[in-house]
Amino acid sequence: MTQVRKVAAENDAKSVTLIRLLVGGLSGVEPPLLARAFEIARAGTVAENAELEIEEGPVVVKCKECGASSAVPVNRLICQYCGEWRVSVTEGEELLLLSVEIET
Amino acid sequence: MCETCGCTITPANAHLVKADGKLEHTSDGKASIEVLTGLLHENDHQAGHNREHFHRHGVLAINLMSSPGSGKTALLEATIDAIGDELSIAVVEGDLETENDADRIRAHGVPAVQITTGQACHLDAHMVHDALHELDLDGIDILFIENVGNLVCPASFDLGHHINVTLLSVTEGDDKPAKYPVMFRAADLMLLTKSDLLDVLDDFDTAKAERHLRELANPADVLTLSARRPDSLAAWLDWLRRAVAEHRSGREMHPSVQPDGPALHTQG
């Protein structure tokens, strides 16, 4: 909310109408719980009536052996094509404030 | 987060901010403002300060994480007894309440600061920063930060430390890495503790625990030990000596989660 308030203030917003977040599967944040907490956090702020939109990002790994990228479950980060565990996570760790929509 | 410049733009989400990306559009005369900052930005910023602080004092900071009761404090006690003459150690303890763990550490002749988090289930960079003000780090080789016993939230907060060590006691079940993937993926070293109990447990397979760790794409070393068996600590103590030597050699150290971050950024 600190970041949202800052963006609102910098852009002379009367109110914030929409807050968009990107939450990856490995970020350690559960979107439904965050949404519930938001109901409390927004009270009495410039985002009092704002909607919260949470985009849930997939977990994607890129294989260091065969080079393929695959979407995987959070607790099985292995290449879906060749079964290799030496992979790098290319998506899934995001915990981002993507954008804020305001009324001026 | 990108380790190169602290931004959170990776090839995975770069399309969102490029021209014609979906964040370019506005709707109904309302202005849409792109932000793209990490929600943990404030913590990460403080963590950076902590890391600088450690750097100035030449201290290697190790974040110990595990469930409650897996033997973090017992491991520290045994480690201090085994290597305290050779390496100078200090400890930051995290618990919801009580000074008990810091008292236990001080009884071994090592400075310790207790953070009591109240209702909070993890340490964050600000709490650690406050604790550092109460510690004289001059001449200290290793600062252990014993996180709150919890396999969930501590994994999400950078404290400015250099290494994550995650403990899994053999009484807990060898599938813990599969159950708590965010935590175990963050481990730079996994310690299987209370190994003296392996003889009486028929349901903990150390090879399985390691396999579950690999399935998180984690290449971290796995060591099996018991704080009650000083002879079982040799590999852990060697690992600590190597880490201190590496740190002294001036190599920049950082928990290895998303080690590919900088590379991806420059490619992107």
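This is a predicted model, so every value here is computed, not measured.

1. Comments concerning the pairing of strand β2 (residues 51–57) of chain A
Inspection of the sheet shows strand β1 (residues 15–24) of chain A paired to β2(A) by seven bridges, in the parallel sense. Bridge assignment links A:Val23 to a residue of β2(A), and that residue is A:Glu56.

2. Here's the deal with helix α8 (residues 234–248) of chain B
Residue and element names in this part refer to chain B. An ideal rise of 1.5 Å per residue puts 21 Å on 15 residues; α8 measures up with 21 Å between its terminal C-alpha atoms. Within the span of α8, buried status applies to Trp236, Leu237, Trp239, Leu240, Ala243, Val244 and His247. Around the axis of α8, the buried residues are gathered within 155 degrees of arc, so they sit on the same side. Away from its buried face by more than 90 degrees, α8 exposes Arg242 and Arg248. Contacts from the buried residues of α8 go to β2 (60–65), α2 (72–83), β5 (142–146), β6 (163–169), β7 (189–193) and β8 (221–224).

3. What about the interface of chain A and chain B?
At the interface, 35 residues of chain A touch 36 residues of chain B. Inspection of the region where chain A meets chain B yields two salt bridges. In this structure, B:Glu215 and A:Arg76 form a salt bridge, with 3.0 Å as the shortest nitrogen-oxygen distance. Taken together, the elements giving at least two residues each to the side of chain A that touches chain B come down to α1 (2–10), β1, β5 (87–91) and β6 (95–103) of chain A. Broken down by element, the side of chain A that touches chain B gets its largest block of residues, nine residues, from β6(A). Residue classes in the side of chain A that touches chain B are distributed as 16 nonpolar, 10 polar and nine charged. Of the pairings in the sheet, the one linking β6(A) to strand β1 (residues 31–38) of chain B comprises six bridges and is antiparallel in character. Bridge pairing links A:Val100 to B:Ile33 in β1(B).

4. A word on the pattern of salt bridges
All names here are of chain B. By the definition in use, this model includes 19 salt bridges over all chains. Between aspartate 158 and arginine 51 there is a salt bridge whose closest N-O contact spans 2.9 Å. Of this pair, aspartate 158 sits in the loop between β5 and β6 while arginine 51 sits in helix α1 (residues 41–57), and the two are 107 residues apart along the sequence. Neither residue differs from the other here; aspartate 158 and arginine 51 are each classed as buried. Residue aspartate 141 pairs with arginine 248 through a salt bridge whose shortest N-O separation is 2.8 Å.

5. Focus: the nonpolar core
Nonpolar side chains in soluble globular proteins tend to be buried together. In terms of nonpolar packing, the biggest core is built from 32 residues, with B:Phe144, B:Val165, B:Leu191, B:Trp236 and B:Trp239 touching the most fellow members. Elements represented by at least two residues in this core include exactly β2, α2, β3 (89–95), α3 (100–106), β5, β6, β7 and α8 of chain B. The greatest single-element share of this core, amounting to six residues, is contributed by α8(B). Once residues within four sequence positions are removed from consideration, B:Val165 is found in contact with B:Ile62, B:Asn63, B:Leu64, B:Met65, B:Leu189, B:Leu191, B:Trp236 and B:Trp239. Counting 24 residues, the second largest nonpolar core, distinct from the first, contains A:Cys63, A:Leu77, B:Val170 and B:Leu192.

6. Structural notes on the packing of aromatic side chains
All names here are of chain B. Summed over all chains, the structure comprises two aromatic pairs over all chains. Ring geometry for phenylalanine 144 against tryptophan 236: centres 6.3 Å apart, planes inclined by 40 degrees, an arrangement best described as tilted. Of the two residues, phenylalanine 144 sits in strand β5 while tryptophan 236 sits in helix α8, which places them 92 residues apart along the sequence. The exposure class assigned to phenylalanine 144 is buried, which follows from its relative accessible area of 0%.

7. Things to note about the sheet that holds β6(B)
All names here are of chain B. If you trace the seven strands from one edge of the open sheet to the other, you get β4-β3-β5-β2-β6-β7-β8, paired in parallel fashion. Edge strands, defined here as strands with exactly one partner in the open sheet, are β4 (112–116) and β8. For this sheet the average axis-to-axis angle between neighbouring strands, irrespective of direction, equals 20 degrees. Sitting on the sheet, helix α4 (residues 125–132) is in contact with β3, β4 and β5, with an inclination near 140 degrees to β4.

Conventions we followed
Residues numbered from 1 in each chain as written. Chains lettered and ligands numbered in written order. Predicted model: local features only at pLDDT ≥ 70, side-chain atom pairs only at ≥ 80, totals over all residues. Heavy atoms only, no water. Pairing = 2+ DSSP bridges. Helix = DSSP H or I, 4+ residues; strand = E, 2+ residues; numbered from the N terminus. Expected span 1.5 Å × (residues − 1). Buried < 20%, exposed > 50% of the residue type's maximum accessible area, 1.4 Å probe, protein only. Arc of directions from axis to C-beta. Contact = heavy atoms within 4.5 Å. Salt bridge = Lys/Arg side-chain N within 4 Å of Asp/Glu carboxyl O. Nonpolar A, V, L, I, M, F, W, Y, C, P; charged D, E, K, R; others polar. Core = buried A, V, L, I, M, F, W, Y, C linked by side-chain atoms within 4.5 Å. Phe/Tyr/Trp six-rings, centres within 6.5 Å; stacked < 30°, edge-to-face > 60°. Axes fitted to C-alpha atoms, helices over the stretch in contact; angles between N-to-C directions.

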